[in-house]
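# What the coordinates show
So you can see what is in the structure, the chains are spelled out below.
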Amino acid sequence: MSSAIPLNVGIVRSAAGDAGTPQLHDKRVLLAEPRGYCAGVDRAVETVEKALEKHGAPIYVRKEIVHNRHVVETLRERGVIFVNETDEVPEGKLVVFSAHGISPAVHESAAARNLHTIDATCPLVTKVHQEAKRFARDDFDILLIGHEGHEEVEGTAGEAPDHVQLVDGPESVDAVTVRDENKVIWLSQTTLSVDETMETVNRLRERFPKLQDPPSDDICYATSNRQTAVKAMAPECDLVIVVGSRNSSNSVRLVEVALGAGARAAYLVDYAREIDPAWLEGVGTVGLTSGASVPEILVEGVLELLAEHGFGEVQPVTTANETLVFSLPRELRTARS
């Protein structure tokens, strides 16, 4: 099953005034497709919703189920209690693990408290966990490219703490040490900037020429697709608005990608009400996208606000058609049948 089918972008160029200044009567929105929920986020949110239907409130979720303020607040209103660690969950109760993955130590902690667990880890994150375990068994040094403190990185590193070394961007490469330059492999957090990750890999390979690549891409298809769509539209944009939360790695990366690809300005907002009208002054083309944990209703809110400011023309910029769907965790699949 293909997760992304390349399509014709087909951006229609807008008219411009002297020196490329946008004409106000040409106001338009370039709307990135794909955007918003990926298959892993959709699965994780539905997991919590189905768990609520089956077990009733309250249920517990370790960390945020996905990194989106609106999603978390909405689920909290329905009776979900978010905790930082399993020792905050009463013994014997149900806890759902977030989409970002957990270390074996968290599983052990939950078992010690007789907690009932449902694991909503994204299958693409689970794939990286399996790679870490496999290469640790073969006694490789594993260079994990990712952001220090991110839940996904903590979960992956926890699979093989004696073999994993975090590499937090190109500037961290010089501090890396390995035992055997013939047995080194890199893996990555799934939500990184594709370009920055490859810059880090290239610098690692300069130091360790025999560095091995992961068996398949670790950066998730949805992260890559959303960045590709932004790159396609950014050169045409006076402003790019990314809908997403500040603790969402993939959303933050979209702002960086937009600026790097030629957008004159780019901002991250959770809600339409956070948009400063001053951002729209003198703007002809606004690019709009959303991170992989953002429900579409939040994008619709931004479109409504932009329309109120004269940006009524909306032109899709489609770079891929995503078809991937993940099954729910087995505990909930049984309940549905």
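Predicted, not measured: the structure shown is a model, and the values here were computed from it. (Residues numbered from 1 in each chain as written. Predicted model: local features only at pLDDT ≥ 70, side-chain atom pairs only at ≥ 80, totals over all residues. Heavy atoms only, no water.)

Bridge analysis of strand 10 (residues 239–243) against strand 11 (residues 266–269) gives four bridges, and the strand direction is parallel. Paired with Val243 across the bridge in strand 11 is Val269. Crossover handedness for the path strand 10 to helix 8 (residues 249–260) to strand 11: right-handed. (Pairing = 2+ DSSP bridges. Helix = DSSP H or I, 4+ residues; strand = E, 2+ residues; numbered from the N terminus. Right-handed = clockwise from strand over helix to strand, strands pointing away.)

Okay, the packing of aromatic side chains next. The full count for this structure, using the stated rule, is two aromatic pairs. In this structure, Arg273 packs its charged tip against the face of Tyr271, placed 4.2 Å from the ring centre. (Phe/Tyr/Trp six-rings, centres within 6.5 Å; stacked < 30°, edge-to-face > 60°. Lys NZ or Arg CZ within 6 Å of the ring centre and 35° of its normal.)

The calculated volume of the largest pocket comes to roughly 220 Å³. Looking at the largest pocket, it is lined by 18 residues, and the ones nearest its centre are Cys38, Ala39, Asp42, Leu324 and Val325. Ranked by the residues each element gives to the lining of the largest pocket, the list is headed by helix 1 (residues 39–55), at four residues. Residue composition of the lining of the largest pocket, by class: nine nonpolar, two polar and seven charged. Around the second largest pocket, the lining residues are Trp186, Ser188, Val194, Thr197, Met198, Asp217, Asp218, Ile219, Cys220, Tyr221 and Ser224. When contributions to the lining of the second largest pocket are tallied by element, the ones reaching two or more residues are strand 9 (184–188), helix 6 (194–207) and helix 7 (221–233). (1 Å grid on protein atoms, 1.4 Å probe; cavity = no way out; pocket = protein on both sides within 12 Å on 5 of 7 lines; lining within 4 Å. Points joined across faces, edges and corners; volume = space filled by probe spheres on them. Nonpolar A, V, L, I, M, F, W, Y, C, P; charged D, E, K, R; others polar.)

Now for the confidence of the model for the protein. Averaged over every residue, the pLDDT of the protein is 93; the share at 70 or more is 91%. Within the model, pLDDT remains below 50 along residues 1–7, and this stretch shows 22 contacts once partners closer than five positions in the same chain are excluded. Taken together, the stretch residues 15–24 has pLDDT below 50 and engages in eleven contacts with residues farther than four places along the chain or on a different chain. (pLDDT = per-residue confidence, 0-100. Contact = heavy atoms within 4.5 Å.)

One pass over the full model with this rule turns up two cavities of 30 Å³ or more. Considering only enclosed or pocket space, the largest cavity measures out at about 240 Å³ in volume. The wall of the largest cavity is formed by 21 residues, among which Cys38, Val41, His100, Thr191 and Asn250 lie closest to the centre. Of all the secondary structure elements, the ones that give two or more residues to the lining of the largest cavity are helix 1 and helix 8. A class-by-class count of the residues in the lining of the largest cavity yields nine nonpolar, eleven polar and one charged. When its volume is computed, the second largest cavity comes out at roughly 70 Å³. Every residue along the wall of the second largest cavity is listed here: Ile145, Gly146, His147, Asp168, Gly169, Leu192, Ser193, Glu196, Thr197, Thr200 and Arg253. Tallying contributions element by element places helix 6 first for the lining of the second largest cavity, with three residues. Its residues placed into classes, the lining of the second largest cavity shows two nonpolar, six polar and three charged.

Counted by the stated rule, this structure contains zero disulfides. With no disulfide of its own, Cys122 lies closest to Cys38 among cysteine sulfurs, the gap being 6.0 Å. In this structure Cys122 comes out as buried when scored by relative accessible area, which is 10%. (Disulfide = S-S within 2.5 Å. Buried < 20%, exposed > 50% of the residue type's maximum accessible area, 1.4 Å probe, protein only.)

Looking now at the packing of helix 7 against helix 8. Across the interface, helix 7 lies against helix 8 with an axial gap of 9 Å and an inter-helix angle of 25°. Here helix 7 lies roughly parallel to helix 8, going by the angle between them. Of the two elements, helix 7 crosses helix 8, and the hand of that crossing is right-handed. Listed contacts from helix 8 to Thr223, Arg226, Gln227, Val230 and Lys231 of helix 7 are Asn250, Arg253, Leu254, Val257 and Ala258. Here the residues of the contact of helix 7 with helix 8 are counted per class, giving four nonpolar, three polar and three charged. (Axes fitted to C-alpha atoms, helices over the stretch in contact; angles between N-to-C directions. Parallel < 35°, antiparallel > 145°, perpendicular 65-115°, else oblique. Left-handed = near helix turned anticlockwise from the far one by under 90°.)

The strand order 8-7-9 describes an open sheet built from three strands, whose pairing is parallel. Of all the strands in the sheet, the pair left with one neighbour each is strand 8 (164–167) and strand 9. Taken over all neighbouring pairs, the strand axes of this sheet differ in orientation by 30° on average, direction set aside. Bridge count for strand 7 (residues 141–145) against strand 8 is four bridges, and the pairing is parallel. When the bridges of strand 8 are listed, Leu144 appears paired with Leu166. Its contacts with the sheet put helix 6 on strand 7, strand 8 and strand 9, and the angle it makes with strand 7 is roughly 150°.

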